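# Examination of the molecular architecture
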Amino acid sequence: MKKYRRAWIEINLSNLENNINEIKKIIPTNTKIMAVVKANAYGHGAVGVSRELESIGITDFAVATLEEAIELRRAKIKGNILILGYTPIECLKEVIKYDFIQTIIDEDYANIIIKMNFKEKLKGHIKINTGMNRMGIDNKNLNLIEQIYKSNNIEVLGIFSHLSDSYNESSSSKEFTKKQIDLFDNLISSLKNKNINVGNTHIQGSNGILNYPELNHSFVRPGIILYGLYTEKYINTKCKINLKRVLFLKSRIISIKDIKKGSFVGYGRKYEALEDKKNAVVSIGHADGYPRSLSLKNAKVLVNNSYADVVGIICMDYFMIDITNISVKVGDIVTLIGEDENIKAEELASKLDTVTSELVARSGKRLERVYIK
Ligand SMILES: *Cc1c(COP(=O)(O)O)cnc(C)c1O
């Protein structure tokens, strides 16, 4: 069969490298980047992205699950891979076998592991709760944290926390974040006072990096900014860096139709042509990750350098656009997420009342990732 792509994601690896270099400009020289490539690298393709990152010198990766970690190892990613989330106790032998690093996610998890009897030590980073109250051991639980460091079952390579409000500009958000930072720093000092080698420390994700770049930890953990995106459209971070977006969602026109005045288009007859129109069918739908909830929200796509309106309800495998004033033929390429103002991920996420991570991470399995430089 001749290669034909109905819809695909173009991944610009030069832009990925640009973003790494931009992040390096604002973090301390001794701080390393731990690339967050969970959720299939936010939809960008975990293997393709991690290979590129490894080739430009990134040695540390973070994923959410054991399965994600195994995918990278099987693809010959040699770097350190930290599993940020929960791994069932009975799967920890896999973590050891593949030489991953497991997050010690809370008190109960720590207590179970301490009492086990591994042949080889489990590599771990201890997660500390400083106010997010999702995962993490209480920052005041010095006793347990010390026990973990001394456990024969765990080789503790690091300790980290997560900022829950590093994005907002309000003074109360800033105060809260400062408090999280202080609690983490105080814990580290207390451990050092007890002559414990704390290992690698880290606390900042993307917004922590952009708003608190002065923190001096072993790692930063950028996710969304690696991919050149801001969390939301209206964001005002302390540091402005020159991010370049990495993901371009593309598809093709597969059919063109004249729509007579007074006729309807699509499911539920939500669109009625108020005059004679010309529509085109784009061969991508909500099963590919172009959200159905973008229907009837003035979403636009780019085709032959013009914007076309999305018409009616987005279907599972297709949707329709208005090309009445645009010269378009079957086979032409349509860009759904890209660089231009109306098709930026930030703009679409704003229409959907969500963050850019959700929009890009939902891009579907059916789409091939095409890597370009
Ligand atoms: C997802 C995640 C990150 C990356 O978050 P971004 O806001 O996308 O940079 C960092 N740390 C932890 C613990 C995470 O779960």
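A few points on the structure. (Residues numbered from 1 in each chain as written. Predicted model: local features only at pLDDT ≥ 70, side-chain atom pairs only at ≥ 80, totals over all residues. Heavy atoms only, no water.)

Broken down by element type, the protein carries eleven helices and 19 strands. Expressed as lengths along the three principal axes of its C-alpha atoms, the size of the protein is roughly 80 × 50 × 35 Å. The buried share of the protein, reckoned over its 373 residues, is 56%. Relative to all contacts within the protein whose residues are 6 or more apart in sequence, the contacts with residues 24 or more apart total 66%. Summed over all atoms, the accessible surface of the protein reaches about 17400 Å², with 47% contributed by carbon and sulfur. In the protein, the 54 positive side-chain charges and the 43 negative ones have mean positions that sit 3 Å from each other. (Helix = DSSP H or I, 4+ residues; strand = E, 2+ residues; numbered from the N terminus. Buried < 20%, exposed > 50% of the residue type's maximum accessible area, 1.4 Å probe, protein only. Contact = heavy atoms within 4.5 Å. Areas by Shrake-Rupley, 256 points an atom, 1.4 Å probe, with all protein chains shown as cover. Lys, Arg positive; Asp, Glu negative; His and termini not counted. Charge placed at Lys NZ, Arg CZ, Asp CG, Glu CD.)

Before going further, it helps to spend a moment on the packing of aromatic side chains. In this description, a pair of aromatic rings is defined by centroid distance and the angle of the planes. Taken as a whole and assessed by the stated rule, the structure comprises four aromatic pairs. Centroid distance Tyr98 to Phe100: 5.4 Å. Interplanar angle 5°. Geometry classified as stacked. Both residues of the pair, Tyr98 and Phe100, count as buried. (Phe/Tyr/Trp six-rings, centres within 6.5 Å; stacked < 30°, edge-to-face > 60°.)

Attention shifts here to the pairing of strand 6 (residues 122-129). It is a general feature of regular strands that their side chains alternate between the two faces of the sheet. Most of strand 6 is tucked away: seven of the eight residues are buried. For the crossover from strand 5 (residues 101-104) across helix 6 (residues 107-114) to strand 6, the handedness is right-handed. The pairing of strand 6 with strand 8 (residues 154-161) spans seven bridges and is parallel. Following the sheet pairing, Leu122 is matched in strand 8 by Ile154. (Right-handed = clockwise from strand over helix to strand, strands pointing away. Pairing = 2+ DSSP bridges.)

With that out of the way, let us pick up the site of the ligand. Inspection of the region around the ligand gives Val36, Lys38, Tyr42, Leu84, Arg134, His162, Gly205, Ser206, Arg221, Pro222, Gly223 and Ile224 as its neighbouring residues. Contacts to the ligand include Arg221, whose side-chain N or O atom sits 2.8 Å from a nitrogen atom. Taking Gly223, its main chain carries an N or O atom lying 2.8 Å from an oxygen atom of the ligand. Assessed atom by atom at 2 Å from the grid points, the ligand resides in the largest pocket. Within the shell around the ligand, the residues separate by chemical class into five nonpolar, four polar and three charged. (Near = heavy atom within 4 Å. Polar contact = N/O pair within 3.5 Å; in protein donor to acceptor, adjacent residues only side chain to side chain. 1 Å grid on protein atoms, 1.4 Å probe; cavity = no way out; pocket = protein on both sides within 12 Å on 5 of 7 lines; lining within 4 Å. Sits in = over half its atoms within 2 Å of the grid points. Nonpolar A, V, L, I, M, F, W, Y, C, P; charged D, E, K, R; others polar.)

Attention now moves to helix 1 (residues 13-26). Between its first and last C-alpha atoms helix 1 spans 21 Å; for 14 residues at 1.5 Å apiece the expected length is 20 Å, and the two agree. Taken as a whole, helix 1 has its buried residues at Leu13, Asn15, Leu16, Asn18, Asn19, Ile20, Glu22, Ile23 and Ile26. Those residues of helix 1 hidden inside the fold are in contact with strand 1 (7-12), strand 2 (32-36), helix 3 (46-55), helix 9 (206-211), strand 11 (247-259) and strand 19 (368-372). Where helix 1 begins, the capping side chain belongs to Asn12, and its oxygen is found 3.0 Å from the backbone nitrogen of Ser14. (Expected span 1.5 Å × (residues − 1).)

Positive phi, close to 60°, is recorded for Leu296, a residue that is not glycine. Mapped onto the elements, Leu296 comes out in the loop between strand 14 (277-282) and strand 15 (300-303). If you check the backbone angles, Asn304 has positive phi at about 45° while not being a glycine. Looking at where Asn304 falls in the secondary structure, it is placed in the loop between strand 15 and strand 16 (306-311).

So, on to the layout of surface pockets. Considering only enclosed or pocket space, the largest pocket measures out at about 660 Å³ in volume. Forming the boundary of the largest pocket are 28 residues, of which Lys38, Tyr42, His162, Leu163 and Gly205 lie nearest the centre. Breaking the lining of the largest pocket down by element, the ones donating at least two residues are helix 2 (38-42) and helix 9. In terms of residues, the lining of the largest pocket owes the most to one element, helix 9, which gives three residues. (Points joined across faces, edges and corners; volume = space filled by probe spheres on them.)

This part covers the nonpolar core. Counting 114 residues, the largest nonpolar core has Val37, Ile159, Tyr290, Phe319 and Ile321 as its most contacted members. In contact with Ile321, other than residues within four places in its own chain, are Ile253, Lys278, Asn279, Ala280, Val282, Val301, Val303, Ala308, Asp309, Val310 and Val311. Formed by seven residues, the second largest nonpolar core is a distinct cluster that contains Ile259, Val265, Val281 and Val311. (Core = buried A, V, L, I, M, F, W, Y, C linked by side-chain atoms within 4.5 Å.)

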